[in-house]
Structure formats: structure tokens, C-alpha cells
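Understanding the architecture of this molecule
So the chains spell out like this:
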Amino acid sequence: MALQGPIPVTFAMVFPHGCYVVGEVEPVKDFDGSSNGRFVQSRDKQTGELVWQVAVMDGDPTLKPAQKTVAVKILAPVQPVPPQPMPGLPFTPVEFDGMSVTPYVNAAGRLAYSIKVREMHAPRQQAQPAKAGKDAA
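Here is what the cut-offs are and how they apply
Residues numbered from 1 in each chain as written. Predicted model: local features only at pLDDT ≥ 70, side-chain atom pairs only at ≥ 80, totals over all residues. Heavy atoms only, no water. Helix = DSSP H or I, 4+ residues; strand = E, 2+ residues; numbered from the N terminus. Contact = heavy atoms within 4.5 Å. Areas by Shrake-Rupley, 256 points an atom, 1.4 Å probe, with all protein chains shown as cover. Pairing = 2+ DSSP bridges. Salt bridge = Lys/Arg side-chain N within 4 Å of Asp/Glu carboxyl O. Buried < 20%, exposed > 50% of the residue type's maximum accessible area, 1.4 Å probe, protein only. Core = buried A, V, L, I, M, F, W, Y, C linked by side-chain atoms within 4.5 Å.

**As for the overall build of the chain**
Scanning the chain for helices and strands turns up two helices and nine strands. The order of α-helices and β-strands along the chain, N terminus first, is β-α-β-β-β-α-β-β-β-β-β. A separation of at least 24 residues holds for 61% of the contacts in the chain among residues at least 6 apart in sequence. Element-wise, carbon and sulfur atoms account for 56% of the exposed surface of the chain, whose accessible area totals about 9,700 Å².

**A closer look at the pairing of strand β4 (residues 51–58)**
As paired strands, strand β2 (residues 19–21) and β4 are joined by three bridges and run antiparallel to one another. Across the sheet, the residue bridging to Cys19 is Asp58, located in β4. Pairing between strand β3 (residues 26–27) and β4: two bridges, direction antiparallel. The residue bridging Pro27 from the neighbouring strand is Trp52, located in β4. Two strands pair when backbone bridges link them, and β4 and strand β5 (residues 69–75) are joined in this way by seven bridges, in the antiparallel orientation. Residue pairing across strands places Ala55 opposite Ala71, the latter belonging to β5.

**Remarks on the pattern of salt bridges**
Note on pairing: side chains with opposite charge can pair once their charged atoms come close. Taken as a whole and judged by the stated rule, the model has four salt bridges. Put simply, Glu49 and Arg118 hold a salt bridge, and the shortest N to O gap is 3.6 Å. Note that Glu49 is positioned in the loop between β3 and β4 and Arg118 in the loop between β8 (111–117) and β9 (119–121), a separation of 69 residues in sequence. When its relative accessible area of 37% is taken as the criterion, Arg118 is described as partly exposed. The salt bridge involving Asp97 is made with Arg124; its shortest N-O contact spans 3.0 Å. With a gap of 27 residues between them, Asp97 in strand β6 (residues 92–97) and Arg124 in the segment after β9 connect regions that are remote in the sequence.

**As for the nonpolar core**
The biggest cluster of nonpolar side chains holds 20 residues, and the ones touching the most others in it are Phe15, Val54, Val56, Val72, Phe96 and Met99. Going through the elements one at a time, β2, β4, β5, β6, β7 (99–105) and β8 are the ones with two or more residues in this core. Broken down by element, this core gets its largest block of residues, three residues, from β4. Setting aside chain neighbours within four positions, we find Val54 in contact with Val21, Gly23, Glu24, Val25, Val70, Ala71, Val72, Ile74 and Phe96.

What follows is the structure in C-alpha cells.
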């Protein structure tokens, strides 16, 4: 099979309704390397980059509450900084680039996905559709 390792995806494929930062960016613990109170940060197996994690809320209105919040792992040499909060919004909108997903079976025996990204940034402006009629020229 040609698919081996993480599967490349786009932001729109994973979060078609957008997503919002709901937690702090934190280092991911390497459970095998950490011991006796000594914290060792996890590194990505393919790239060797440090792994960070941020909780985001999926903007999909059809999801059940338990499905809305997911952890996104960010591969970066230094701790990524979330975009600035937007006035009047309770959560900070965010987009990701360089995304991949890795399917796995979780402890409950259900299919789940690990989401890894290379970059985190504020949402890009959506292109406005062309106006029809005499306003379009």
C-alpha cells in the first residue's frame, strides 16, 4: 500500500467550519524518556522536531459536545504562539498549515486520529464571491 505513516490533509478537510483555541500551547511529554520527576519533551519520530500540543474546539455545529474539543500536535523548534484574540469573540480563531492525520484505535477500541501540523496562524480572509449584475464590472 502506498500510504505509510501520517496522511497529508488540508485544514478545510479537517475543520471545514473552522476551529478555535481553547487551551494553552504546552510541550508534549515523552513518557519513555521522562523519569523520576525529570521532564523530557517528546520529539516527532519522522522529523525529530519538538512536539507541542494545543486544545482546539471544532466549529462544526453538528458535533456532540464530547467530540468538539480535540488536541492538535504542533511540530516546531520553539513553543508556538497562538494568534491574537479577536475582540468580541470568546475563543480565538486559528488555522493550521502542513497538516497530517494518523489513524489509530483508542483505548475504548474506537477509531481515532492524531492530528499533527507544522504551523499555526490567524485565519486568512475568505475570498468574497464576485457580485452579479451591473455592480460587477
